Amino acid sequence: MKPAKPKSAASARARVPKTAPVVWHVSLADREPLQLAVVRSARRTLALHVTGQGVEARAPLTLPRERIEGFVREKADWIRRKQAEVMARDAARLATPHSVLLRGVGHALHFIPGSPRRALFRDGQCVVIGAADWEAAQPLIARALRAEAAADFPARLQAFSDHWLRAPRALKLSSARKRWGSCTSRGTVNLAWRLVMAPDYAIDYVMAHELAHLLEMNHSPRFWAEVARLYPDWQRGHVWLKRNAALCGVV
């Protein structure tokens, strides 16, 4: 039996597999934590990739976590720019959609003649009456979505009442396109009606986010701890909104 030939370092390195992605939450100055998927391999350099699926760090196997997080913080502005570019591409691709989201579920657009002009959601469809194209349908769909939000959000916010430490004074709907919600120092919670396009768990995350601001008008560690206390599954909703923001901005 012949002795096995020694394997070169290069061939050994070639067979080192990539690790499965590990999700970290990297704190950024005066910003919400960045969800980062970290994949390690036998590479020698550290690189960041921003796609519609999120931000990924590709790192050497033994590079310390603090080095990776420090690099991410240095590149925070670059990451934000890339995220904005990805969102803009998605928005352009979806400029004339074939469906409309309601609570995270796509409803196929269906145009029919008739009056009065309106839009309604039924049987998995967004039925638009009296509009022949997307441009004419947009205000009708917006009105229908706002009505859905007005019917759904008050009870959904009240469901947090057993857990909040400070009750909101009022809930108002806004037409904001770049902000899902906000909170005033007087205790008014403002929610974008377009948020009704997101899944329930993403809507609940935004509500917990704004309720946490009733105690902490910042994005400090204490603030995020309060978000987690109000809604332990907040990260799932946070990720969905980051990845699908363009979808909710087409109306």
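Here the structure is shown first, and the text comes after it.
Residues numbered from 1 in each chain as written. Predicted model: local features only at pLDDT ≥ 70, side-chain atom pairs only at ≥ 80, totals over all residues. Heavy atoms only, no water.

**Quick notes on the overall build of the protein chain**
The number of helices and strands found in the protein chain is 7 helices and 11 strands. With 251 residues in all, the protein chain has 43% of them scored as buried. Nonlocal contacts in the protein chain, meaning residues at least 24 apart in sequence, comprise 47% of its contacts between residues at least 6 apart. A total of about 14100 Å² of accessible surface is found on the protein chain, and carbon and sulfur atoms cover 54% of it. (Helix = DSSP H or I, 4+ residues; strand = E, 2+ residues; numbered from the N terminus. Buried < 20%, exposed > 50% of the residue type's maximum accessible area, 1.4 Å probe, protein only. Contact = heavy atoms within 4.5 Å. Areas by Shrake-Rupley, 256 points an atom, 1.4 Å probe, with all protein chains shown as cover.)

**Examining the environment of His98**
Structurally, His98 is set in the loop between helix H3 (76-93) and strand S5 (99-102). Judged by its relative accessible area of 70%, His98 falls in the exposed class. What His98 contacts, discounting residues up to four positions off in sequence, is His107, Ala108 and Leu109.

**Details of helix H7 (residues 234-244)**
Every buried residue belonging to H7 is among Trp234, Gly237, His238, Val239, Trp240, Leu241 and Asn244, and all of these are buried. Where H7 is buried, its residues meet strand S2 (31-41), S5, helix H5 (200-213) and helix H6 (221-230).

**What about H6?**
Residue pairs three or four apart in sequence face the same way in an α-helix, which turns once every 3.6 residues. Every buried residue belonging to H6 is among Phe223, Trp224, Glu226, Val227 and Leu230, and all of these are buried. In an axial view of H6, the angular spread of the buried residues amounts to 155°, which keeps them on one side of the axis. Every exposed residue of H6 that faces more than 90 degrees away from the buried side is listed here: Pro221 and Arg222. Of the surrounding elements, those touching the buried residues of H6 are S2, H5 and H7. (Arc of directions from axis to C-beta.)

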